[in-house]
Amino acid sequence: MRFVTIAGAAVLALAPFTSVFAEDSDRVGDLLRTIKKARLIDLSSSWENDSPVAGVNPPYHFRLRDTHASSRGFFALFGEKPPGQLSFTAEVMDFSGQHGAPSIDAIGHIGRNGLLFGRVDAAQATSDPNGIGASGVGAHLGIDHYPLDLLVNRGVLLDVARMIQGDSRPLPATFPITGSHLEQAARLQGVKLKKGDTVFIRTGWGQYFKANHSLYAGPDSPGPGLDGADFLIKHGARVVGDDTLTFEQRPPAAVFNENGTQRVEIFPVHMKVIADSGIFIIENLNLEELSEARAYEFVVVVPPLLVKGGTGSALRAFALVPRDND
């Protein structure tokens, strides 16, 4: 009887909270149901030993160190009886986490004239090999400081390839994407860029990531030049990306003639977007399904690995778009 009395008192005491818990549970359920109504589009390709990786980065390599055959009996040393019940695998992955399928450049990845975004001393920021900021300078520019509000964000696709080609074919290798191209694509697609957006540009070259490695990683590919970069900066994009190895047009160089002399900038778009403007760049996206769906505005999920001191990260990015029958 005493237990019943105590239990009854506890139920009465918790009654006000029970309705709150139920309400929260319903809210979570409603949120989950809403999310599950969306169509999920994967924006990633798989990391494979022969996948294209930019030459400035260490190559990607994967191997199984322990297999189910080699590991059986290992725990006999610890008293497993009979030995060989448990088997396991362990793998070794050698890669920088950057310029793969896809990957994101942190703000500390690119400098201009010895300075990072916010006029942080680039040499000091990376003077400790344990990572950017390990020296006490520039830690906020590492990928582990990727803003939480950008993990889930409004995404916009500017499908320049479909606009120019009239179908799904990729752009020519030497095609420069200008601000006018981006503005026209947005207008034709009926989308308006907003400050804070994640903006993806489709060149169609994502089709070559698996089908033609040598072409994809070759000396030429389409992409935005400085004029296209200015458009993205002007419209307040916080994350930009496309479906090529280097994001910007390749060869990534700009030539300026000033006062009878010539100045050459290498990776000028990267310097303007990252070092000058503090905007993240994503490369090697798979935008084909998004394009086929004509999904030009969506919820985009971009979760970098939480690597302390890293200046970039591999991604498993995806988009959530309304289903056709909703």
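Preceding this section is the structure that the text describes.
Here's a quick rundown of the structure. (Residues numbered from 1 in each chain as written. Predicted model: local features only at pLDDT ≥ 70, side-chain atom pairs only at ≥ 80, totals over all residues. Heavy atoms only, no water.)

## Some points on the packing of helix H5 (residues 179-189) against helix H8 (residues 226-234)
1) Next: Where H5 contacts H8, the two axes come as close as 7 Å, and the packing angle between them is 50°. Between H5 and H8, the angle falls in the class oblique. For the pair H5 and H8, the contacting residues are Gly-179, Ser-180, Leu-182 and Glu-183 in the first and Asp-227, Gly-228, Phe-231 and Leu-232 in the second.
2) Next: Of the residues contributing to the contact of H5 with H8, the split by class is 3 nonpolar, 3 polar and 2 charged. (Axes fitted to C-alpha atoms, helices over the stretch in contact; angles between N-to-C directions. Helix = DSSP H or I, 4+ residues; strand = E, 2+ residues; numbered from the N terminus. Parallel < 35°, antiparallel > 145°, perpendicular 65-115°, else oblique. Contact = heavy atoms within 4.5 Å. Nonpolar A, V, L, I, M, F, W, Y, C, P; charged D, E, K, R; others polar.)

## Comments concerning the packing of aromatic side chains
1) Next: Counted according to the given criterion, the structure contains 12 aromatic pairs.
2) Next: For the pair Tyr-146 and Phe-280, a centre-to-centre distance of 4.8 Å together with 70° between the ring planes defines the contact as edge-to-face. A residue pair is termed long-range when its members are at least 10 positions apart, and Tyr-146 in the loop between helix H3 (122-125) and strand E7 (152-158) and Phe-280 in strand E14 (residues 280-283) qualify at 134 residues. Each member of the pair, Tyr-146 as well as Phe-280, carries the same accessibility label: buried.
3) Next: With centroids separated by 5.3 Å and ring planes inclined at 85°, the aromatic side chains of Phe-209 and Tyr-216 adopt a geometry described as edge-to-face.
4) Next: Members of the aromatic cluster, joined through ring pairs, are Phe-74, Phe-75, Phe-78 and Phe-88. (Phe/Tyr/Trp six-rings, centres within 6.5 Å; stacked < 30°, edge-to-face > 60°. Buried < 20%, exposed > 50% of the residue type's maximum accessible area, 1.4 Å probe, protein only.)

## A word on the packing of H8 against helix H9 (residues 268-276)
Two quantities define a packed helix pair, namely the angle between the axes and the distance from one axis to the other.
1) Next: As a packed pair, H8 and H9 sit with axes 9 Å apart at the nearest point and diverge in direction by 15°. By the angle between their directions, the pair H8 and H9 is classed as roughly parallel. Note that H8 runs across H9; the crossing there is right-handed. Together, Leu-226, Ala-229, Asp-230 and Ile-233 of H8 and Pro-268, Val-269, Lys-272 and Val-273 of H9 make up the contact between the two elements.
2) Next: Within the contact of H8 with H9, the residues separate by chemical class into 6 nonpolar, no polar and 2 charged. (Left-handed = near helix turned anticlockwise from the far one by under 90°.)

## Points about the pairing of E7
1) Next: Summarising burial for E7: 6 of the 7 residues are buried, a large majority.
2) Next: The pairing of E7 with strand E15 (residues 297-301) spans 5 bridges and is antiparallel. Across the sheet, the residue bridging to Val-156 is Glu-297, located in E15.
3) Next: Pairing between E7 and strand E9 (residues 198-201): 4 bridges, direction parallel. By the bridge assignment, Leu-157 is partnered in E9 with Phe-200. (Pairing = 2+ DSSP bridges.)

Everything listed here is a matter of geometry and, on its own, says nothing about what the molecule does.
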